[in-house]
Amino acid sequence: MHLIDQLKQKDEQALSSIMELYGDYLLRTAFLLLNDHQEAEEAVQDTFITAYKKVEQLDDPCKIKSWLTTITINHCRSRLRKWNWKNLIPTMELFDRTKDEINETHDDLLIANDSKLCLSKAIQQLDYKYREVITLYYFNEMKITEISVQIHVKENTVKSRLKRSRLLLRDLLRKGEVHDG
Amino acid sequence: MMDNERKNLTKKLNQELNDLHFSSQQNVFDKIYKKTWKQQIVSLWNKEIELSFLPITVVTISLIFLFFSTNLIISDNSLSVKKEKILIEVGGNIYWKDEIAKVESQYEN
């Protein structure tokens, strides 16, 4: 019997197997989005609880990974809405850039490959809307169309956010302004 | 070029986050099968506990011994108090000697 069918029958072992299969992947996604390990753990816990309760809504078992990712993203967003105290920490003013800069190529990001700087930390310093698209694009390896569906924005918006976030990342990595936490 | 960049960045991210592992499986089970307070009370009431025979026996015997020995001491004390009191006969009636002494001292004063 398929794992999802077993989960629909509320089988504990099936849930355990699904956590084993996707737990790390979802935790890493949540960690990039929330920039807090504990919050990420809790968001993933909530993801599995939601998945267990609403598994009937999953029509195609092959889409389990993207379905779980969607739930994780929703939980991360909901946590960020509730989670205000972190916002008290001053954020970097990274977004006052000119149009010319936006038109620069994304290839500059290649410096990240050679750089000893932490790419994940740099991503976590971006504003949430940029962090989200760049995480889904680079870490979750989603297509622009998939990201558009996931975060309920137009494809062009996704593209422009990606461009913007690449530039911001490039700057962060070049300047070495990557801070822990 | 773009695909290459994407692959490289994905690889780098995976390397950086490789040490992160989801470790809250038990919490998920606990939250899913969260008991109501009634179920918690029933499970507490029906909880099986294991007690080792020897320590329990030793403690019980010690408590029984302590209880009886304390009772004996108390009763011994009351007896000794009674023993200290002496009965005397005055005018055909029997009184406690110390009580008579108290009355006599009152009259003397």
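Residues numbered from 1 in each chain as written. Chains lettered and ligands numbered in written order. Predicted model: local features only at pLDDT ≥ 70, side-chain atom pairs only at ≥ 80, totals over all residues. Heavy atoms only, no water.

## Observations regarding the overall build of chain B
How we decide: The numbering of helices and of strands both runs from the N terminus, where a helix is a DSSP run of H or I of at least 4 residues and a strand a run of E of at least 2. Exposure is judged per residue with a 1.4 Å probe applied to protein chains only, and the accessible area is read against the type maximum: over 50% gives exposed, under 20% gives buried, and values in between give partly exposed. Accessible surface area values rest on a Shrake-Rupley calculation with a 1.4 Å probe, where residue burial reflects the displayed protein chains alone.
Of regular secondary structure, chain B possesses five helices and two strands. Starting at the N terminus and ending at the C terminus, chain B contains elements arranged as α-α-α-α-β-β-α. The proportion of buried residues among the 109 residues of chain B is 13%. Per element, the accessible surface of chain B, about 9,700 Å² overall, is 61% carbon and sulfur.

## A word on the side chain of Q124(A)
All names here are of chain A. Let me state the cut-off plainly: We call two residues in contact when some of their heavy atoms are within 4.5 Å.
Topologically, Q124 is positioned in helix α7 (residues 119-124). For Q124, a relative accessible area of 5% puts it in the buried group. Beyond its immediate chain neighbours, meaning those up to four positions away, Q124 contacts F31, L32, N35 and R131.

## Points about the interface of chain A and chain B
Interface size is commonly expressed as the accessible area that is lost once the parts come together. What counts, and what does not: Two parts placed together each lose some accessible area under a 1.4 Å probe, and adding up what both lose gives the buried area. Note on definitions: salt bridges are taken to be side-chain nitrogens of Lys or Arg within 4 Å of carboxyl oxygens of Asp or Glu. Throughout this description, a polar contact denotes any pair of N or O atoms lying within 3.5 Å of each other; where both atoms belong to protein, one of them has to be capable of donating a hydrogen while the other can accept it, and for residues adjacent in sequence the pair is counted only when both atoms sit in side chains.
Tallying the contact residues gives 40 residues for chain A and 25 residues for chain B. Taking both sides of the interface into account, the surface hidden between chain A and chain B amounts to around 3,100 Å²; carbon and sulfur atoms contribute 63%. By the criterion of area lost to chain B, the three top residues of chain A are R28(A), Q45(A) and Y138(A), representing 20% of everything that side buries. Run the count over chain A and chain B and you get zero salt bridges. Here chain A is connected to chain B by 16 residue pairs in polar contact (both at pLDDT 80 or more). Sorting the residues of the side of chain A that touches chain B by element identifies α2 (12-34), α3 (37-53), α6 (111-114), α7 and α8 (128-139) of chain A as the ones contributing at least two each.

## Points about the packing of α8(A) against helix α9 (residues 144-151) of chain A
All names here are of chain A. We apply this condition: Between N-to-C directions, angles cover 0 to 180 degrees, with each direction set by a line fitted to C-alpha atoms, over the stretch in contact for helices. Orientation labels follow simple angle bins: below 35 degrees gives roughly parallel, above 145 gives roughly antiparallel, 65 to 115 gives roughly perpendicular, and whatever is left gives oblique. It is the rotation of the near helix from the far one that decides the hand of a crossing: anticlockwise by less than a right angle makes it left-handed, clockwise makes it right-handed. Each residue receives one of three labels: charged for Asp, Glu, Lys and Arg, nonpolar for Ala, Val, Leu, Ile, Met, Phe, Trp, Tyr, Cys and Pro, and polar for the others, Gly being one of them.
At a minimum axis distance of 10 Å, the contact between α8 and α9 shows a crossing angle of 135°. The angle between α8 and α9 falls in the class oblique. Judged by the sense of rotation from one axis to the other, the crossing of α8 with α9 is right-handed. When α8 is examined against α9, the residues E132, V133, L136 and Y137 are found in contact with a partner set consisting of I144, I147, Q150 and I151. Tallied by class, residues from the contact of α8 with α9 come to six nonpolar, one polar and one charged.

## Section: the nonpolar core
For clarity, the threshold we go by: Nonpolar core, defined: a set of buried Ala, Val, Leu, Ile, Met, Phe, Trp, Tyr and Cys residues in which side-chain atoms within 4.5 Å join the residues together.
L15(A), F48(A), L68(A), I147(A) and V28(B) are the most contacted members of the largest nonpolar core, which has 60 residues in total. With 13 residues, the single largest contributor to this core is α2(A). Every residue in contact with L68(A), bar those within four places of it in the chain, is listed here: I18(A), Y22(A), L26(A), T47(A), F48(A) and A51(A).

## Concerning the packing of aromatic side chains
As a reminder of what qualifies: Any two rings among Phe, Tyr and Trp, with Trp reduced to its six-membered ring, count as a pair given centres within 6.5 Å; such a pair is stacked if its planes are under 30 degrees apart, edge-to-face if over 60, and tilted if neither. When the NZ atom of lysine or the CZ atom of arginine is within 6 Å of a ring's centre and also within 35 degrees of its normal, the charge is said to sit over that ring.
Applying the stated rule across the entire model yields six aromatic pairs over all chains. Between F29(B) and Y33(B), the aromatic rings sit 6.5 Å apart at their centres with planes inclined by 10°, giving stacked as the arrangement. Owing to a relative accessible area of 14%, F29(B) belongs among the buried residues under this scheme. What links up through ring pairs into an aromatic cluster is the set Y52(A), F29(B) and Y33(B). When the ring centre of Y52(A) is taken as origin, the NZ or CZ atom of K10(A), which lies over that ring, is 4.7 Å away. Positioned above the aromatic ring of Y137(A), the side-chain terminus of R6(B) is 3.7 Å from the ring centre.

## Focus on the pairing of strand β2 (residues 93-96) of chain B
Residues and elements named next belong to chain B. Condition: In this analysis, strands are considered paired if DSSP registers two or more bridges between them.
Pairing geometry for strand β1 (residues 87-90) and β2, over four bridges, is antiparallel. Within the sheet, the bridge partner assigned to E89 lies in β2 and is I94. Counted between consecutive antiparallel strands, the loop separating β1 from β2 contains two residues, among which G91 sits at a positive phi close to 60°.

## Quick notes on the side chain of R79(A)
For R79(A), the location among the structural elements is in helix α4 (residues 64-82). Setting aside anything within four residues of it in sequence, one finds R79(A) in contact with L34(A), E39(A), E42(A), A43(A) and D46(A).

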